[in-house]
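Observations on the model geometry
Here's the letter readout for the chains.
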Amino acid sequence: MPIEILSYRSLRSLDKGLLKMYSDKTDSIFVVPASEDREWLKDILLAQGSFGSEAFRIYRWDELYRELCTSEEGKAPLIQIDPPDHWLALNGLTSELISRWRDRLPPGVAQSGFISSLGAMVRELIREEVPVEALLEGLFPDCKERPEDPSWILTSLYGEYVDLLRDKGLMDSAAISTEIGRLVAEGGKFMANLKNRPLVLVGFYSFNHSQLGMVRAMVKSGLDLKVFSPVAGLSHEYGSIAQLEGASVKELKSVSPKMFSILGGNGRHELETVARELVLWEKGLGAIPGDFPNWDRIAMATQPRSVSLAVEVLERYGIPFNLAKGRTVADTVLWDTVRKAWDCHRDRWQPGPTAELLCLPWMVPEGDERALARASARGIKEWKRLVSGNERLTSALQSVARFCKVLSSGGDCKTLLQALKDLACSMDWGKSLSAQVEDVPDLDRSVLDLGSAVRELERKLSKIEELQTDLGEAAQKPLKGGDAMAFLSVWAESSTVWPGPTRRGSMTLYPGSPPVMAHYDTWIMTEATGKNWPGTLVESPLLRESQREDLHSMDLRGFRLDRTHLPLLSEKRAQKEVLFRRLMACGDRLVILSRPSVDGSGRPLMETSFIKNALDDRWVTDLGSLDRSDGRVLPQWTEKALSPSEVHQPLAGSYSFRPDREFPKDSCPLPNKTIPLSSVDRFATCPFMFRCHSEGLFPPDLGGFNAALAGTAMHEIMNRSWKAYLQDESVPFTAIVDGLWEPVLEEVYRSMVVDRDLSRRKELFYSDLISGATLIQAMEQNGLRDRRIESMSEMDLPPLAMDNVTFTGKADRVDLLVDGRVILWDYKSGNSAFYSRSLQLAAYGVLLAEREPEPLEIGGYGFIGFRSSSVTGQADDDLRSLMSLPASSRSSLKDKLDLARSLLADLDRAVGEDDFSPNYESPGCSRCGYVSLCRRGELRRKDDDDDDSDR
Ligand code: SF4
């Protein structure tokens, strides 16, 4: 085969090789994998060669394809479609499939994530040029339709997608090599021109099936072809050398870089340790060996999800840096607003989330979020009434409501994108943000990103009509609700914003992988854990491992799959190791690998095994390590501290152990001296936690399932069902619940009914509800119904006024028995055993027992746990079996009522003295959202001090 492969380990050797061979051959044509590589290649060739007009030509595959087409008269290139358009086409085809087969399809097909999984598989099949008919015959030799089988669904939609693109004259970007291969085989003017100039492919480790076919077609056409191909130093690697049998191979001489490792605590601490060491290194201090190379010769790669954290840490340590790539639109304030607005709309404009949305810094920053939330408006009408006196709030509410209305009533892709643009431009978000930049400099980046995201949106809108004509029906189909959001989300995730101006003398920060030709004196790779490398590899339910293996061993219409085809999980793992080694090769002299020792929940994280393999194979040589995983967040007195980013840890003995720290006295007394009894358990767990909660400081809502709304819905269903049951006790309680649950759920928590992603939650909700109702019905049949003379749902308890506070409560259900005793009930969605220590119902009992002028006698109380279908509580012995409680208990009902009385007295005293000190020994600490506010983590134990003194 007249093709030469020049293999290289280090990118420095690639630079040298390219310079040596091409600095004086200006007629060469180069092909590189991506636009960023073109810049790297230009820099290499320009370093010594003269880069005159038309000297070197550097193409990406899509540019080469267009050149091949346009050089021939009358031949127009196929139109390449973007990821959102690809999504639109597949979504249209899937909708047709759903309307054809409906219930015979697996439920996952209707889930919003299905189109993305399908898209990834379809592109894999296109890249590997798997013929539709061959796939169908290979997987389903009897050619029967099997809509219940995910692989049949894939095969069917793959076939329809390929047909659609062919009919419309479109091309998926995954098919570009197939098209080039076809044009090369056809010959033509450009090919004749190519034959006179060497064609040099740079940076291709391996080729997929379509690329391999294209390269073979090039060789067959007599092109002078050279491939600069990286290697990974793995035994049995399957790169271009193994693929292009018969090619002559020459290895460029390389030197292995050195490796230094850094181990931090959690993810933030890892990045802080890296930043700290870099600054110390610049000053000739710290643990990193060798000379500091200047910031512009250093680059760092993080996982894309960690880039915001990395930016924050680098800024804090004053490290000059440039972001190599812009963030996606999904990471900007534009998308943040869309997501929050849609959540509010789906959940019928609940108080907290709607107040938060309206008072975002770019909406109405001067709005009083807490006052708005406390007004407890629900539904758009109530909200409109609430904000009617404030022009800016009204305008903000109208703009988000208008946008959500378009999404929920539906529209084609152009209508949806236009609605998004109207939302972004309806109020001048950029102006609001700019006005605050002086006080909050971090907002500067948000202003830039927002402007860039809107420009990206305008660009897409300007092309959308063309796409609608090209893609036909699929692009004109109305999308509504979750589908409309899914389309916008694909656009937001695939569009990037401008990364900002580049500053000289700055380090480069890569979110994810760098271009294949990028290399630096010092290369830093963060998060080198087994969790990321190789990470979790799972088989696709659309094409399982066993099916892939079967396809590999078949002869499909004379089309035999190559080893790289439809890679198995083991092959994907090997590809990850190759990528890891190639990333290590980005360091010319030094590679710094860092990793956290624990994840965000404190679980240990292991180092990736790829590092040990690389050391064993001498891919890198070890230069030592720094371990700061022991939680040393602050430097000790014996270490350097980087002021003002860091402060020293106080000297051991400079203050003693807990609680020798003045806890700030409560500076804002409880505004409302009426306390609902539903919060007394929180006070018993920790007064500080109680105080934070009563101030309306709730942990952030991360979207998805909302447990609070689900709980409200469950209570509403039970109350309405119980009232209906009391009207006619001959109808089984379970039947009443079964008939009422869905309409009530839709009224209270609509997302759970309409959102496909919450369908499993909805199933679980229903099954819990029915098991709770069955338990209640069993107690009724067990004699409770006969002993009861009256029952009240949602009963307001008589308030109990104490010295400083008035306690109030609302019982889910109160049963009055024939002998005058009462039983208190509370509905809980989970396991009733979680409430074995709760004093909430006992406190309700106290209110009834202290009622004036007629105190009531408490017979018992019970928490009905729906998930566990059990009751936990306390009762007089003769009522225990009636209430499904165990026959005996170590404590008595009287003990519990006394405990509740004393808890209410404590809480009353705490309010009077404004004393809500944290309970650092609380069992609630392990899952408390206020841990950073109470500063528990900063406290030192006595044994910590003892440990220090031993050192
Ligand atoms: S972490 Fe512990 S001490 Fe701090 S607020 Fe929560 S429960 Fe209280």
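Residues numbered from 1 in each chain as written. Predicted model: local features only at pLDDT ≥ 70, side-chain atom pairs only at ≥ 80, totals over all residues. Heavy atoms only, no water.

Per an unreviewed UniProt entry, the recorded name for the chain is ATP-dependent helicase/DNAse subunit B, and the organism is Dethiosulfovibrio salsuginis.

**Focus on helix α6 (residues 132–139)**
Of all the positions in α6, only V132, A134, L135, G138 and L139 are classed as buried. Projected down its long axis, α6 shows its buried positions confined to an angular sector of 165°, all on one face. (Buried < 20%, exposed > 50% of the residue type's maximum accessible area, 1.4 Å probe, protein only. Helix = DSSP H or I, 4+ residues; strand = E, 2+ residues; numbered from the N terminus. Arc of directions from axis to C-beta.)

**Things to note about the packing of aromatic side chains**
In this structure the tally under the stated criterion is 22 aromatic pairs. Taking 6.2 Å as the distance between ring centres and 15° as the angle between the ring planes, the aromatic pair formed by Y520 and W523 counts as stacked. A single burial state applies to Y520 and to W523, both of which are buried. Here the aromatic residues W40, Y510, Y520 and W523 are joined through ring pairs into a cluster of three or more. Between the NZ or CZ atom of R813 and the centre of the ring of W722, over which it lies, the distance is 3.8 Å. (Phe/Tyr/Trp six-rings, centres within 6.5 Å; stacked < 30°, edge-to-face > 60°. Lys NZ or Arg CZ within 6 Å of the ring centre and 35° of its normal.)

**Points about the site of the ligand**
The full set of residues close to the ligand is C686, F688, M689, P918, N919, Y920, C925, C928, V931, C934 and R936. Put simply, the ligand lies in the largest cavity. Of the residues belonging to the shell around the ligand, the class tally is 9 nonpolar, 1 polar and 1 charged. (Near = heavy atom within 4 Å. 1 Å grid on protein atoms, 1.4 Å probe; cavity = no way out; pocket = protein on both sides within 12 Å on 5 of 7 lines; lining within 4 Å. Sits in = over half its atoms within 2 Å of the grid points. Nonpolar A, V, L, I, M, F, W, Y, C, P; charged D, E, K, R; others polar.)

**A short note on the state of the cysteines**
By definition, a disulfide links the sulfur atoms of two cysteine residues through a covalent bond. Going through the model one piece at a time under the given rule, you end up with 0 disulfides. With no disulfide of its own, C404 lies closest to C344 among cysteine sulfurs, the gap being 7.8 Å. (Disulfide = S-S within 2.5 Å.)

**Thoughts on the domain arrangement of the chain**
Considered domain by domain, the chain is made up of domain 1 (3–77 + 175–251), domain 2 (79–168), domain 3 (258–325 + 507–627), domain 4 (331–494) and domain 5 (707–910). Each of domain 1 and domain 2 has a C-alpha centre, and these two points are 33 Å apart. On the domain 2 side, the residues contacting the 8 residues of domain 1 number 6 residues. Summed over the shared surface of domain 1 and domain 2, the number is 0 salt bridges. Where domain 1 meets domain 2, there are 4 residue pairs in polar contact (both at pLDDT 80 or more). For the side of domain 1 that touches domain 2, the secondary-structure elements that each account for two or more residues are α8 (176–186) and α10 (209–220). Taken together, the residues of the side of domain 1 that touches domain 2 break down into 3 nonpolar, 4 polar and 1 charged. (Domains from an automatic or database assignment. Contact = heavy atoms within 4.5 Å. Salt bridge = Lys/Arg side-chain N within 4 Å of Asp/Glu carboxyl O. Polar contact = N/O pair within 3.5 Å; in protein donor to acceptor, adjacent residues only side chain to side chain.)

**Overview of the nonpolar core**
Side chains of nonpolar character tend, in soluble globular proteins, to be buried together. W61, I180, L201 and M218 are the most contacted members of the largest nonpolar core, which totals 130 residues. Looking at this core element by element, the count peaks at 9 residues for helix α21 (residues 443–471). Residues Y8, L18, Y520 and A585 belong to the second largest nonpolar core, which totals 42 residues. (Core = buried A, V, L, I, M, F, W, Y, C linked by side-chain atoms within 4.5 Å.)

**Thoughts on the confidence of the model for the chain**
Summing up the model confidence of the chain, the mean pLDDT is 86 and the portion of residues at 70 or higher is 91%. Helix α36 (residues 942–950) is the least confidently modelled element of the chain, averaging 40 in pLDDT, while strand β13 (residues 520–525) averages 97, the highest of any element. Confidence drops under pLDDT 50 across residues 655–668; counting only partners more than four residues distant or on other chains, this segment forms 28 contacts. (pLDDT = per-residue confidence, 0-100.)

**Looking at the sheet that holds strand β23 (residues 821–828)**
Read across the sheet, 5 strands follow the order β19-β22-β23-β24-β25 without closing on themselves; strand pairing throughout is mixed. At either margin of the open sheet sits one strand with a lone partner, and together these are β19 (788–796) and β25 (870–875). Sheet twist, expressed as the average angle between the axes of neighbouring strands with direction ignored, equals 20°. Direction of pairing for strand β22 (residues 810–817) relative to β23: antiparallel, over a ladder of 4 bridges. Bridge pairing links D815 to I823 in β23. Packed onto the sheet, helix α29 (residues 707–727) meets β19, β22 and β23 and runs at close to 150° relative to β19. On top of the sheet, helix α34 (residues 893–913) reaches β24 (857–865) and β25; it is set at about 85° to β24, its chief contact. (Pairing = 2+ DSSP bridges. Axes fitted to C-alpha atoms, helices over the stretch in contact; angles between N-to-C directions.)

**Some thoughts on helix α18 (residues 391–409)**
Over its 19 residues, α18 extends 26 Å from the first C-alpha to the last, a length consistent with the 27 Å expected when each residue adds 1.5 Å. Turning to α18, its buried residues are L393, A396, L397, S399, V400, A401, F403, C404 and L407. Those residues of α18 that are buried are in contact with α14 (333–346), α15 (351–358), α16 (369–374), α17 (379–387), α19 (413–426) and α23 (482–494). With a side-chain oxygen lying 3.0 Å from the backbone nitrogen of R392, the N-terminal cap of α18 falls on N390. Positive backbone phi, approximately 95°, marks G410, located one or two places after α18. (Expected span 1.5 Å × (residues − 1).)

**Observations regarding the sheet that holds strand β2 (residues 29–31)**
The strands that make up a sheet are held in pairs by hydrogen bonds between backbone atoms, and each pair lies either parallel or antiparallel. Strand order in this open sheet of 6 strands is β3-β2-β6-β7-β1-β8, and the pairing throughout is parallel. Edge strands, defined here as strands with exactly one partner in the open sheet, are β3 (57–59) and β8 (248–251). When the angles between neighbouring strand axes are averaged without regard to direction, this sheet yields 20°. The pairing of strand β6 (residues 199–202) with strand β7 (residues 225–230) spans 4 bridges and is classified as parallel. Bridge pairing links V200 to K226 in β7. Packing of helix α1 (residues 11–22) onto the sheet brings it into contact with β1 (3–8), β2, β6 and β7, and relative to β7 it is tilted by some 160°.

**Points about the UniProt feature "coiled-coil region" (unreviewed entry) in the chain**
With numbering matched to this structure, UniProt assigns "coiled-coil region" (unreviewed entry) to residues 447–477. Helix makes up 94% of residues 447–477 and strand 0%, with an end-to-end C-alpha separation of 34 Å. (UniProt positions renumbered as here; feature names shortened; annotations may be inferred.)

**Overview of the packing of helix α4 (residues 83–101) against helix α5 (residues 114–127)**
For the pair α4 and α5, the least separation of the axes is 10 Å and the interaxial angle reads 110°. The pairing of α4 with α5 is recorded here as roughly perpendicular in orientation. The segment α4 lies against α5, with H86, W87, L90, N91 and T94 engaging F114, I115, L118, G119, V122 and R123. Here the contact of α4 with α5 is built from residues that sort into 6 nonpolar, 4 polar and 1 charged. (Parallel < 35°, antiparallel > 145°, perpendicular 65-115°, else oblique.)

**As for the side chain of K340**
Locating K340 in the fold gives a position in helix α14. Setting aside residues up to four positions removed in sequence, K340 forms contacts with E356, L357 and L360.

**Some thoughts on empty space enclosed by the protein**
Considering all chains together, one arrives at 5 cavities of 30 Å³ or more under this definition. Approximately 100 Å³ is the volume attributed to the largest cavity. As for the largest cavity, its lining consists of 14 residues, of which C686, N919, C925, C928 and C934 are closest to the centre. Counting residues per element, the ones that place at least two in the lining of the largest cavity are α28 (687–694) and α35 (931–934). Taken together, the residues that form the lining of the largest cavity break down as 10 nonpolar, 3 polar and 1 charged. (Points joined across faces, edges and corners; volume = space filled by probe spheres on them.)

**Observations concerning the environment of Y317**
Mapped onto the elements, Y317 comes out in the loop between α13 (307–316) and β11 (321–323). Between the alpha carbons of Y317 and P644 there is a distance of 8.4 Å; along the sequence they are 327 residues apart. Look past the residues within four positions of Y317 in its chain and what remains in contact with it is E272, A275, R276, V279, L642, S645 and E646.

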